[in-house]
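In case you want the letters, here they are:
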Amino acid sequence: NKLHLAYPRSVTYGDIGQELLGKPGAILGFGSLYIYLFLLLGNYMIVIRKTVQEILVEADLCAVPACLVGMAILIPSNQLRTLHHLSGLSVMSFATILAVLLICIGFL
């Protein structure tokens, strides 16, 4: 927030880098952000793969098909660009959490 107050025209890390260091700063800001997002996506895919493999343990899926199944599950909800359909996703999220809680209580 302090950087945004000091440089009010800056919106992204690349803009702040450009204000501070010129073109090399912009490249560093945008480059580090995209590298971070790429690595974060890789970590997220590992978690999704392990989760799908644990859920479908009888199917004995290897890494690539498990990642593809996880991606197929996530794509519809990630492609919503507006908040118009958010209420439906909220109901689905609540129902999922409630189902997991009921399953956990059932195993107690």
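These notes cover the structure that comes with them. (Residues numbered from 1 in each chain as written. Predicted model: local features only at pLDDT ≥ 70, side-chain atom pairs only at ≥ 80, totals over all residues. Heavy atoms only, no water.)

1. Side note on the overall build of the protein
Looking only at helices and strands, the protein features 5 helices and 0 strands. Counting helices and strands in the order they occur from the N terminus, the protein gives α-α-α-α-α. What you see for the protein is a C-alpha radius of gyration of 20 Å, clearly larger than the 13 Å of a compact globule of 108 residues, by over 25%. Counting only C-alpha atoms and orienting by the principal axes, one finds that the protein spans roughly 60 × 35 × 30 Å. A burial count over the protein gives 14% of its 108 residues as buried. Long-range pairs, those at least 24 residues apart, make up 8% of the contacts in the protein between residues at least 6 apart in sequence. (Helix = DSSP H or I, 4+ residues; strand = E, 2+ residues; numbered from the N terminus. Rg over C-alpha atoms; globule rule 2.2 N^0.38 Å. Buried < 20%, exposed > 50% of the residue type's maximum accessible area, 1.4 Å probe, protein only. Contact = heavy atoms within 4.5 Å.)

2. Some remarks on the nonpolar core
Membership of the largest hydrophobic core is limited to 5 residues, which are Met45, Ile48, Val52, Ala66 and Cys67. Those elements that place two or more of their residues in this core are helix H3 (23-55) and helix H4 (63-78). In terms of residue count, H3 provides more of this core than any other element does, 3 residues in total. The residues touching Val52, leaving out its near neighbours within four places in the chain, are Leu61, Ala66, Val69 and Gly70. (Core = buried A, V, L, I, M, F, W, Y, C linked by side-chain atoms within 4.5 Å.)

3. Some details on the packing of H3 against H4
Taken N-terminus to C-terminus, the directions of H3 and H4 make an angle of 100°; their axes are 8 Å apart at the nearest point. With respect to H4, the axis of H3 lies roughly perpendicular. Contact with H3, carried on its side by Tyr44, Met45, Ile48, Arg49, Val52 and Gln53, involves Ala63, Ala66, Cys67, Val69, Gly70, Met71 and Leu74 of H4 and no other residues of that element. For the contact of H3 with H4, the per-class residue count stands at 10 nonpolar, 2 polar and 1 charged. (Axes fitted to C-alpha atoms, helices over the stretch in contact; angles between N-to-C directions. Parallel < 35°, antiparallel > 145°, perpendicular 65-115°, else oblique. Nonpolar A, V, L, I, M, F, W, Y, C, P; charged D, E, K, R; others polar.)

4. A word on the side chain of Ser10
Considering the arrangement of structural elements, one finds Ser10 in the loop between helix H1 (2-6) and helix H2 (13-21). Beyond its immediate stretch of four places on either side in the chain, Ser10 contacts His4, Asp15, Ile16 and Glu19.

5. Remarks on the packing of H2 against H3
A pair of packed helices can be characterised by two numbers: the angle between their axes and the separation between those axes. For the pair H2 and H3, the least separation of the axes is 6 Å and the interaxial angle reads 155°. Judged on the interaxial angle alone, H3 and H2 are roughly antiparallel. Judged by the sense of rotation from one axis to the other, the crossing of H2 with H3 is right-handed. Two secondary-structure elements touch here, H2 through Tyr13, Gly14, Asp15, Gly17, Gln18 and Leu21 and H3 through Lys23, Pro24, Gly25, Ala26, Gly29, Phe30 and Leu33. Along the lines of polarity and charge, the residues of the contact of H2 with H3 split into 6 nonpolar, 5 polar and 2 charged. (Left-handed = near helix turned anticlockwise from the far one by under 90°.)

6. Remarks on unusual backbone geometry
Although it is not a glycine, Asp60 adopts a positive phi angle of roughly 55°. Assignment of secondary structure puts Asp60 in the loop between H3 and H4.

7. Points about the environment of Leu20
Along the polypeptide, Leu20 turns up in helix H2. Exposure remark for Leu20: the relative accessible area of 47% places this residue in the partly exposed category.

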